[in-house]
Amino acid sequence: MVEIAEIAVSAAELKLGMDPVEAAGVRLSHAEGKVRYSMRARDPAVLEGVLGRTVPKRIGDTDAGIACLGPDEWYVVLPDNFDLPRGEGLPVSVVDVSSRALGLVLEGPGALAVLSSGCPLDLAKMAVGRATRSVFETVEVVIWREAEDRWHVEVWRSFATWLWHAFLAAMHGAK
């Protein structure tokens, strides 16, 4: 597991990498431009009426950029400039959180080992196409398994630089 003390330095010393980095069979990069929404609804049928499409109902299921994170919670990652209806006046919450979060991508044969180095879940058992909320060390993340060796990790911008460096440390520490 990555030692937090190794990378817990002054924020002024850390910079968020912009170019992809490769080491130990892993490529770390930024996800392409995306728009993000947090959605809540006690009744998924009402949310589906607002969106004009179905949403996944089982926690962890994903469908076309929508991940079910809880019994009444969904996280959405869509191509940039995509706008969802808000459902004003209905018992739903559709909030654009694009400014709050960004996505990092870990891919390659060593990606699982890097992500598992700081995540308490047994990610090897996570099927392709599933998503979950978890933590990497102390930072909350949403993890999407996009392919056998490709992981999309959503993180709040305020933690993104730290997570980028934690992933780098894990990549360089991988055998």
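All values reported here derive from a predicted model rather than from experimental measurement. (Residues numbered from 1 in each chain as written. Predicted model: local features only at pLDDT ≥ 70, side-chain atom pairs only at ≥ 80, totals over all residues. Heavy atoms only, no water.)

1. With respect to the overall build of the protein
(1) Moving on: Check the secondary structure of the protein and you find 4 helices and 11 strands.
(2) Moving on: For the protein, whose C-alpha radius of gyration is 17 Å, the value lies close to the compact-globule estimate of 16 Å for 175 residues.
(3) Moving on: Considering only C-alpha atoms, the protein reaches an extent of 50 × 35 × 25 Å along its principal axes.
(4) Moving on: Each of the 175 residues in the protein was classed as buried or not, and the buried ones make up 46%.
(5) Moving on: In the protein, the proportion of contacts linking residues at least 24 apart, taken out of those at least 6 apart, comes to 63%.
(6) Moving on: Looking at the protein as shown, the accessible area adds up to about 8,900 Å², and 54% of this sits on carbon and sulfur atoms.
(7) Moving on: Charged side chains of the protein number 18 positive and 24 negative; the gap between the two group centres comes to 3 Å. (Helix = DSSP H or I, 4+ residues; strand = E, 2+ residues; numbered from the N terminus. Rg over C-alpha atoms; globule rule 2.2 N^0.38 Å. Buried < 20%, exposed > 50% of the residue type's maximum accessible area, 1.4 Å probe, protein only. Contact = heavy atoms within 4.5 Å. Areas by Shrake-Rupley, 256 points an atom, 1.4 Å probe, with all protein chains shown as cover. Lys, Arg positive; Asp, Glu negative; His and termini not counted. Charge placed at Lys NZ, Arg CZ, Asp CG, Glu CD.)

2. Describing the sheet that holds strand 5 (residues 66–70)
The strands making up a sheet associate through hydrogen bonds between their backbones, and the pairing can be parallel or antiparallel.
(1) Moving on: Pairing within the open sheet is antiparallel, and its 5 strands lie in the order 4-5-6-3-7. Looking at strand neighbours, the two that pair on one side only are strand 4 (62–63) and strand 7 (92–96), the edges of this open sheet.
(2) Moving on: In this sheet, strand 6 (residues 73–79) lies alongside strand 5 in antiparallel orientation, the contact comprising 4 bridges. Counted as the bridge partner of Cys 68 is Trp 74 from strand 6.
(3) Moving on: Each of strand 3 (34–41), strand 5, strand 6 and strand 7 is contacted by helix 2 (residues 44–51), which is oriented at about 50° to strand 7, the strand it contacts most. (Pairing = 2+ DSSP bridges. Axes fitted to C-alpha atoms, helices over the stretch in contact; angles between N-to-C directions.)

3. Comments concerning the environment of Phe 136
(1) Moving on: Mapping Phe 136 onto the fold places it in strand 9 (residues 131–136).
(2) Moving on: When the C-alpha atoms of Phe 136 and Ser 116 are compared, they prove to be 8.3 Å apart, with 20 residues separating the residues in sequence.

4. Describing the confidence of the model for the protein
(1) Moving on: Confidence in the prediction of the protein, expressed as mean pLDDT, is 91, and 91% of residues score 70 or more.
(2) Moving on: Ignoring residues within four places in sequence, the model shows residues 1–5, a span with pLDDT below 50, making 13 contacts including any to other chains. (pLDDT = per-residue confidence, 0-100.)

5. Let's talk about the pairing of strand 11 (residues 150–156)
(1) Moving on: Across the 7 residues that make up strand 11, a large majority, 5, are buried.
(2) Moving on: Where strand 8 (residues 101–107) lies against strand 11, 7 bridges are found, and the strand directions are antiparallel. Within the sheet, the bridge partner assigned to Gly 103 lies in strand 11 and is Glu 154.
(3) Moving on: When strand 10 (residues 139–147) meets strand 11, the two strands line up antiparallel, connected through 6 bridges. Of the residues in strand 11, the one forming a bridge with Arg 145 is Trp 151.

6. Quick notes on helix 4 (residues 157–173)
(1) Moving on: An ideal rise of 1.5 Å per residue puts 24 Å on 17 residues; helix 4 measures up with 25 Å between its terminal C-alpha atoms.
(2) Moving on: Considered for burial, the residues of helix 4 that qualify are Ala 160, Trp 162, Leu 163, Trp 164, Ala 166, Phe 167, Leu 168, Ala 170 and Met 171. (Expected span 1.5 Å × (residues − 1).)

7. Concerning the side chain of Ser 38
(1) Moving on: Here Ser 38 lies in strand 3.
(2) Moving on: Sequence-distant contacts of Ser 38, defined by excluding residues within four places in its chain, comprise Trp 74, Ser 93, Val 94, Val 95 and Val 97.

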